[in-house]
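A structural walkthrough
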Amino acid sequence: MKKVVIIGGGVAGLTAGVYARKSGYEVEIFEKNPAAGGQCMGWNRKGYHIDNCIHWLTGTQDNSALRKVWETIGALTPNTEFVQTEKFFTCYVGEESATLWKDVERTKRELIQLSPEDKTEIDTFIEHVKYAACCQMPVEKPMDMMNIFDYLKMGKSMAEMPKVLKEYGIINLEDMAGRFQHPVIKAMFTDYMPKGYQASSFIVSYATVVSGNGEIPVGGSLAMTNRIIDKFENLGGKLHCNSEVKRVTIKGNKAYGIELENGENIAADFIICATDAMEMFDKLLGRKYMNKKWSACFKDEGSYPLFSGFQAAFSIDRAMFAHTDTVFIDCEPFNINNKEIRRMSLKSYQYEKDFAPEGKTVLQTNMIQFDDDYRYWKSLKKDDYTCKKHEFAERMKENIEKKFPELAGHIKLLDCWTPVTYERYCNSYHGAYMSFITKKDVKSFSVKGTIEGLHNVFVASQWIQAPGGLPVAAAAGKFAVQRILKKEKRGFMI
């Protein structure tokens, strides 16, 4: 039996592990942290559970191709419960608000009632959200392995998407906001994603929620990760945590295995790198294996920026907060890295009663951070870093209390974290928790999951395709195993 060694136990690595075991390979996964999961993770603080990842999960719609992948790897089951929610998010500017409902017609009515002067643009927005409901991520096989019939099938299934790309693929979210007159609607389009994102990305995100393909599984990130681990281990796969890999051992155009940081060598017939991309090139393989596309995109932060977040989690009294979803609010201006912060997000986890003691709930905040913000946090000495983290978390708390004065005296900090936190725990380049931002007038990033010059090393990572995230990670894990099977002329697994 041939052996596949996987470096990294995040969703991409675990997915590759399940598919490799189902294809008959001996499989071992090596994860540097005490627990697998990568960024699909949650942790406990002061009797509360903090969820890192699942705000909504693409591929939850019954009978969709991605749902089949999630069920194959054990992430979801036919009996998985999903959070019952009516909203995508609510946006406040002052005392006025607007909500993006799952019921898109309700959204349309309420937005027009809020701003009759924006009716034409609102109608266009809603019309294209309906078009985008057909958008499904191709996960049956990598694009370069598709034949003409695969492309025809994909084109037929997403026949309405060209309309979305024609209208919103050539502008960014800041441009889109500029089409509207009402300040709440303007804010709504620049709150959820970085304003430099292609506007079509936002349309697709909202359409995914509207169509029922973007639900939140009960139990959050850690519960989903643990289901995948159970599936992998029940299939006979071996997961090694606290096992950091030092390098891939290479001779000529072939990898022979890996060397762990403790000096142990593990032989393998195939290697799958399921790590951060820069970690793979800087440490595991070496920069000489980074092709021109990877190199150009990492160097060009203007065209291919990355984003992360400064985040904080608070405990609040459940009865004191009416919202059960995500809201965006104004805040008293303050500076992080000489940038003025005027907006912040709040996500209530009231729907997860097991995340908090009786009568309490977790409220999380997030402020988007970019490459230069990462450098700011990285430049701070340890004591200054800790001080600044808590200083900004306190400012967040003050702003929450100002907007919702009923929470005064009923809100306490549980934890706060920065882009450097993601670098430390996940080796994330610049703390990014997704791949390169897709900007207008810039070609969306994608690469094959192969390494030029190495015929038995493959890439399973959200980095192979923008915008990254959990769906891309899962697809990349599956695709890596399909490439191995193709190399061995064994065909594709189901």
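Above this text sits the structure in question.
This structure is a prediction, so every number in the text was calculated from the model and none was measured.

**Overview of the environment of Cys 331**
Here Cys 331 lies in strand E15 (residues 326-336). Look at Cys 331 and you get buried, because its relative accessible area is 8%. Taking the C-alpha atoms as reference, Cys 331 lies 22 Å from Leu 114; in sequence the two are 217 residues apart. Excluding anything up to four places from it in sequence, Cys 331 contacts Ile 341, Arg 342, Arg 343, Met 344 and Asn 399.

**Re the pairing of strand E17 (residues 360-370)**
Inspection of the sheet shows strand E14 (residues 307-317) paired to E17 by 11 bridges, in the antiparallel sense. Pairing of Phe 314 across the sheet is with Leu 363, part of E17. Sheet topology places strand E16 (residues 339-348) next to E17; four bridges connect them, and they run antiparallel. When the sheet's bridge partners are listed, Ser 348 is paired in E17 with Leu 363.

**Some details on the packing of aromatic side chains**
By the definition in use, this model includes 35 aromatic pairs. Judged by centre distance (5.4 Å) and plane angle (5°), the rings of Phe 89 and Tyr 192 are stacked. Taken as a pair, Phe 89 in strand E6 (residues 87-93) and Tyr 192 in the loop between helix H8 (183-191) and helix H9 (199-210) lie far apart in primary sequence, 103 residues in all. When the centroid spacing of 5.5 Å and the interplanar angle of 80° are considered together, the rings of Phe 189 and Phe 202 count as edge-to-face. Of the two residues, Phe 189 sits in helix H8 while Phe 202 sits in helix H9, which places them 13 residues apart along the sequence. In terms of burial, Phe 189 and Phe 202 fall into one category: buried. Arg 106 extends its terminal NZ or CZ atom over the ring of Trp 101, reaching a point 3.3 Å from the ring centre. Over the ring of Tyr 349 we find Lys 347; its NZ or CZ atom is 5.2 Å from the centre of that ring.

**A short note on the sheet that holds strand E10 (residues 245-251)**
The strand order E10-E11-E12 describes an open sheet built from three strands, whose pairing is antiparallel. The open sheet terminates on both sides in strands that have one partner only, identified here as E10 and strand E12 (265-267). Sheet twist, expressed as the average angle between the axes of neighbouring strands with direction ignored, equals 30°. Where strand E11 (residues 254-260) and E12 come together, three bridges link them in antiparallel fashion. Paired with Gly 257 across the bridge in E12 is Ala 267.

**Remarks on helix H10 (residues 220-234)**
If you check H10, its first and last C-alpha atoms are 22 Å apart, about what 15 residues at 1.5 Å a residue would give, namely 21 Å. Three or more residues of H10 are buried, namely Gly 220, Ser 221, Met 224, Thr 225, Ile 228, Ile 229 and Phe 232. Looking one or two residues past H10, Gly 236 carries a phi angle of roughly 100°, positive in sign.

**Quick word on the packing of helix H1 (residues 11-22) against helix H2 (residues 65-72)**
Relative placement of two packed helices is described by the angle separating their axes and the distance separating the axes. Close contact between H1 and H2 brings their axes to 10 Å; oriented N to C, the two are set at 80°. Considered as vectors, H1 and H2 are oriented roughly perpendicular to each other. Residues Val 11, Val 18, Tyr 19 and Lys 22 of H1 form the contact with H2, whose participating residues are Val 69, Trp 70 and Thr 72.

**Some remarks on the environment of Asp 371**
Examined against the element boundaries, Asp 371 turns out to sit in helix H13 (residues 371-379). Residue classification places Asp 371 among the buried residues on the basis of a relative accessible area of 5%. Measuring from C-alpha to C-alpha, the distance between Asp 371 and His 182 comes to 31 Å, with 189 residues separating the pair along the chain. Setting aside its immediate chain neighbours within four residues, Asp 371 contacts Glu 301, Pro 305, Leu 306 and His 430.

**As for a nonpolar patch on the surface**
Where nonpolar side chains cluster on the molecular surface, the patch consists of Ile 148, Phe 149 and Leu 152 and spans about 370 Å² of accessible area. When you line up the elements, Ile 148 lands in helix H5 (residues 148-157).

The rules behind these values
- The numbering scheme is per chain: residues are counted from 1 as the chain's sequence reads.
- For a predicted model such as this one, the threshold for reporting local features is a pLDDT of at least 70, and the threshold for listing and counting side-chain atom pairs is 80 or more; totals across whole chains, interfaces and linings nevertheless cover every residue.
- Only heavy atoms go into the side-chain values, all of them from the structure, while hydrogens and water stay out.
- Runs of E in the DSSP output that reach at least two residues are strands. Runs of H or I that reach at least four are helices, and both are numbered from the N terminus.
- Working definition: with a 1.4 Å probe on protein chains only, accessible area under 20% of the residue-type maximum means buried, over 50% means exposed, and in between means partly exposed.
- Pairs of residues are marked as contacts when any of their non-hydrogen atoms sit within 4.5 Å.
- A pair of strands is treated as paired once DSSP finds two or more bridges between them.
- Note on aromatic contacts: the rings of Phe and Tyr and the six-membered ring of Trp form a pair at centre separations within 6.5 Å, being stacked when their planes are under 30 degrees apart, edge-to-face when over 60 apart, and tilted otherwise.
- As a reminder, the over-ring test applies to NZ of lysine and CZ of arginine, requiring each to be within 6 Å of the ring centre and within 35 degrees of the ring normal.
- Between N-to-C directions, angles span 0 to 180 degrees; the directions come from axes that are lines fitted to C-alpha atoms, helices contributing only their stretch in contact.
- Here the expected span of a helix is defined as 1.5 Å times the quantity of residues minus one.
- Any angle from 65 to 115 degrees is called roughly perpendicular, while one under 35 is roughly parallel, one over 145 is roughly antiparallel, and all others are oblique.
- Patch construction takes residues with relative accessible area above 30% that form no salt bridge. Like charges are linked within 9 Å, and nonpolar side chains (Val, Leu, Ile, Met, Phe, Trp, Tyr) are linked within 5 Å.
- Surface accessibility follows the Shrake-Rupley procedure with a 1.4 Å probe radius. Residue values consider only the protein chains on display as shielding.
- A side-chain nitrogen of Lys or Arg and a carboxyl oxygen of Asp or Glu constitute a salt bridge if their distance falls within 4 Å.

As far as function goes, none of this settles anything; it's purely spatial.
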